[in-house]
Amino acid sequence: MKKAAFVFLTVLAQLSYACGGGTDAKTVMNKNENSKPVTITFPSLDSLTVTADMYVRNDSLPWMLLCHQAGYSRGEYIETAQFFMDCGYNCLAIDQRSGNEVNGVKNETAALAKKKDLPTDYLSAEQDIVAGLNYLFAKSGRPVVLVGSSYSAGLVLKIATGNPEVKAVLSFSPGEYYDGKFRVAETVKPLDKPVFITSAKREVPDAKKIFDAIGSTQKTFFSPTVEGVHASSCLWSSTPGYEEYRDAVKKFLAGIH
């Protein structure tokens, strides 16, 4: 009992430090016994409460912000957060306000946004990602690796452009998904961070247009030999050929440490 109390107080102490950046986080333990994340909340830029799962291996490790695809939730990363941790990162997987549910995990941010009658389009979710980035940067004092999936894959490229809080970007199946309100390929021309982009085989031509527009000299495009699948689901072990995607990610991340 004493040991359990100590662990609980340690977790609270870690998150109190995070609150020093003005994030006002609160926590409850997630019931997933395999990954054992801590579920937290913090305010988005418009004060909407954002729910996220925090995967911590070691406080000294750098951080990744994991952003999901359309119709999904932070549950997109139940398995792959462990993969990224094995690559040497702590992870924060967030619920953006544009999404729903995946892998049995409901998108709490989206549900709350709908309850408050707030916009839940793709671009409205950008502020949730920025708030997550600010949270991690305030917590660690170090630039963060952004991971985007489908609609969030374009948003993380946009957010990273000219942003000193960003270390690098992994973008899975980016595209021009934003009803002409902005074009990713135009926006990312000044982007000078290390960038990794991949997609399903059928999506390669569209993703490559965005990749080619990026100004960074530290960029990698991985074109799969398998058919693959859309977005970061390509890393799931249920996806045929996931190993080659993971190997490409490992190689990229090894080069940016």
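This text gives an overview of the structure that appears in the document. Computed from a predicted model, the values in this text were never measured in an experiment. (Residues numbered from 1 in each chain as written. Predicted model: local features only at pLDDT ≥ 70, side-chain atom pairs only at ≥ 80, totals over all residues. Heavy atoms only, no water.)

### Here's the deal with the overall build of the protein chain
- Secondary structure summary: the protein chain contains 8 helices and 11 strands in total.
- Counting every position in the protein chain, which comprises 257 residues, the buried fraction comes to 54%.
- For the protein chain, the exposed surface amounts to about 11,300 Å²; the carbon and sulfur share of it is 53%. (Helix = DSSP H or I, 4+ residues; strand = E, 2+ residues; numbered from the N terminus. Buried < 20%, exposed > 50% of the residue type's maximum accessible area, 1.4 Å probe, protein only. Areas by Shrake-Rupley, 256 points an atom, 1.4 Å probe, with all protein chains shown as cover.)

### Some words on helix H7 (residues 204-213)
- Among all positions of H7, only Val 204, Ala 207, Ile 210, Phe 211 and Ala 213 are buried.
- Buried-residue contacts for H7 involve helix H5 (151-160), helix H6 (184-187), strand S10 (195-198) and strand S11 (219-222). (Contact = heavy atoms within 4.5 Å.)

### Here's the deal with the packing of helix H4 (residues 126-140) against H5
- With their axes 10 Å apart at the nearest point, H4 and H5 run at an angle of 55 degrees to one another. With respect to H5, the axis of H4 lies oblique. The handedness of the crossing between H4 and H5 comes out as right-handed. Note on element contacts: H5 touches H4 through Ser 152, Leu 155, Val 156, Lys 158 and Ile 159, opposite Glu 126, Ile 129, Val 130 and Leu 133.
- Looking at the contact of H4 with H5 residue by residue, the class counts come to 6 nonpolar, 1 polar and 2 charged. (Axes fitted to C-alpha atoms, helices over the stretch in contact; angles between N-to-C directions. Parallel < 35°, antiparallel > 145°, perpendicular 65-115°, else oblique. Left-handed = near helix turned anticlockwise from the far one by under 90°. Nonpolar A, V, L, I, M, F, W, Y, C, P; charged D, E, K, R; others polar.)

### A look at the side chain of Ser 216
- By the secondary structure assignment, Ser 216 is in the loop between H7 and S11.
- With a relative accessible area of 6%, Ser 216 lands in the buried category.
- From its side chain, Ser 216 meets the backbone nitrogen of Gln 218 in a polar contact 2.9 Å long.
- The residues contacting Ser 216, other than those within four sequence positions of it, are Leu 191, Asp 192, Lys 193 and Pro 194. (Polar contact = N/O pair within 3.5 Å; in protein donor to acceptor, adjacent residues only side chain to side chain.)

### A closer look at the environment of Leu 133
- Structurally, Leu 133 is set in helix H4.
- Since its relative accessible area comes to 0%, Leu 133 is described here as buried.
- With 10 residues separating them along the chain, Leu 133 and Pro 143 place their C-alpha atoms 8.9 Å apart.
- When sequence neighbours within four positions are dropped, the list of residues in contact with Leu 133 reads Leu 65, Val 144, Leu 146, Ile 159, Asn 163, Glu 165 and Val 166.

### Observations concerning the pattern of salt bridges
- Scanning the model with the defined rule gives 10 salt bridges in all.
- Among the salt bridges present, the one from Arg 97 reaches Asp 46, with a minimum N-O distance of 2.8 Å. One end of the pair, Arg 97, is in the loop between strand S5 (90-94) and strand S6 (101-102); the other, Asp 46, is in the loop between strand S2 (38-43) and strand S3 (49-55), and 51 residues separate them in sequence.
- The exposure class assigned to Asp 46 is partly exposed, which follows from its relative accessible area of 34%.
- Shared partners join several salt bridges into a network, and the residues in it are Asp 46, Arg 97 and Asp 128. (Salt bridge = Lys/Arg side-chain N within 4 Å of Asp/Glu carboxyl O.)

### Here's the deal with the pairing of S11
- Alignment of S10 against S11, held across 4 bridges, turns out to be parallel. Along S11, the bridge assignment pairs Ile 197 with Phe 221.
- Note on the crossover from S10 through H7 to S11: the handedness is right-handed. (Pairing = 2+ DSSP bridges. Right-handed = clockwise from strand over helix to strand, strands pointing away.)

### Points about the packing of aromatic side chains
- If you walk through the whole model with that rule in mind, you get 11 aromatic pairs.
- Taken together, Tyr 122, Tyr 151, Tyr 177, Tyr 178 and Phe 182 form an aromatic cluster joined through their ring pairs.
- Residue placement shows Lys 208 over the ring face of Phe 221; its charged tip is 6.0 Å from the ring centre.
- The positively charged end of Lys 219 is found above the aromatic ring belonging to Phe 211, 4.7 Å away from the centroid. (Phe/Tyr/Trp six-rings, centres within 6.5 Å; stacked < 30°, edge-to-face > 60°. Lys NZ or Arg CZ within 6 Å of the ring centre and 35° of its normal.)

### Considering the pairing of S5
- For S5, the buried fraction is high: 5 of the 5 residues fall into the buried class.
- Residues of S5 alternate between two faces, with Asn 90, Leu 92 and Ile 94 on one and Cys 91 and Ala 93 on the opposite face, all of them buried.
- Sheet topology places S3 next to S5; 4 bridges connect them, and they run antiparallel. The residue bridging Asp 53 from the neighbouring strand is Ala 93, located in S5.
- As paired elements, strand S4 (residues 63-66) and S5 share 4 bridges and run parallel to each other. In the strand pairing of S5, Leu 66 is matched with Ala 93.
- Taken together, S4, helix H2 (residues 80-86) and S5 form a β-α-β motif whose crossover is right-handed.

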